[in-house]
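Residue-level structural notes
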Amino acid sequence: MEDSKKKPIMIGVIVICLVLAGVITFATRSRDSGGLESLERGVMYWVKCNNPDCEHTWEMDRKDYFQYLKDHQDPMSMAAPGIACDECGEESGFRAEKCEQCELIFTRGTVPHDFADRCPDCSHSKTERLRKEARTRQD
Ligand SMILES: [Zn+2]
Ligand SMILES: [Zn+2]
């Protein structure tokens, strides 16, 4: 008797979960595409080819960059896809930063377990500088 009473409840719970999952997926998906379309042009991102024989760097509009990621994202992989490099033709371009101190252009996340924009040459990080400034303003 107990089991036959539990079953409809279990099915009900599963159905609610499925509906919720569908709603969440739909909401996230529509927010994503809306976000990309509403993104304004004019913000440039640095991209660096990580082919050691090439190391070409170029600038890309943030909107084109996200559009490229969206079009080329492998659904089985969490890693960002490489961007086709104009110089060597490999899909090995990854988002980079230009150090505001020594002007080196380097791939984001070069220094592990640190800010993505930590310069591997002079150790400057824009994120760190902004955080420090925000902290001093609060004091
Ligand atoms: Zn290249
Ligand atoms: Zn630097």
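Look a little higher up for the structure.
The following paragraphs examine the structure supplied in this document. (Residues numbered from 1 in each chain as written. Chains lettered and ligands numbered in written order. Predicted model: local features only at pLDDT ≥ 70, side-chain atom pairs only at ≥ 80, totals over all residues. Heavy atoms only, no water.)

**A word on the coordination of the zinc ion (ligand 1)**
- At 2.3 to 2.4 Å from the zinc ion (ligand 1) lie its protein donor atoms, namely C49 (SG), C54 (SG), C85 (SG) and C88 (SG).
- Coordination at the zinc ion (ligand 1) is tetrahedral, judged from the four donor atoms that bind it and the angles of 105 to 114 degrees they form at the metal.
- Sequence spacing of the donor residues for the zinc ion (ligand 1), all on one chain, is C-x4-C-x30-C-x2-C. Of the two residues, C49 is situated in strand β1 (residues 44–49) and C85 in the loop between β3 (83–84) and β4 (91–98); the sequence distance between them amounts to 36 residues.
- Its relative accessible area of 4% is what places C85 among the buried residues. (Donors = N, O, S within 2.8 Å, 3.2 Å for Na, K, Ca; no water. Tetrahedral: all angles 85-135°; square planar, octahedral: opposite > 155°, others 65-115°. Helix = DSSP H or I, 4+ residues; strand = E, 2+ residues; numbered from the N terminus. Buried < 20%, exposed > 50% of the residue type's maximum accessible area, 1.4 Å probe, protein only.)

**A short note on the coordination of the zinc ion (ligand 2)**
- At 2.3 Å from the zinc ion (ligand 2) lie its protein donor atoms, namely C99 (SG), C102 (SG), C119 (SG) and C122 (SG).
- Its four donor atoms give the zinc ion (ligand 2) angles of 104 to 114 degrees at the centre, a pattern that matches the tetrahedral case.
- Expressed as a motif, the donor residue spacing for the zinc ion (ligand 2) is C-x2-C-x16-C-x2-C. Of this pair, C102 sits in the loop between β4 and β5 (105–107) while C122 sits in the loop between β5 and α3 (126–138), and the two are 20 residues apart along the sequence.
- Since its relative accessible area comes to 27%, C122 is described here as partly exposed.

**Thoughts on the pattern of salt bridges**
- One pass over the full model with this rule turns up eight salt bridges.
- Between R118 and E128 there is a salt bridge, and its shortest N-O distance comes to 3.0 Å. Of the two residues, R118 sits in the loop between β5 and α3 while E128 sits in helix α3, which places them ten residues apart along the sequence.
- Judged by relative accessible area, R118 falls into the buried class, the value being 11%.
- Exposure remark for E128: the relative accessible area of 24% places this residue in the partly exposed category.
- The salt bridge involving R129 is made with E133; its shortest N-O contact spans 2.9 Å. Of this pair, R129 and E133 both sit in helix α3, four residues apart, which is roughly one turn of that helix.
- Take R129: its relative accessible area is 27%, and that puts it in the partly exposed class.
- With a relative accessible area of 32%, E133 lands in the partly exposed category. (Salt bridge = Lys/Arg side-chain N within 4 Å of Asp/Glu carboxyl O.)

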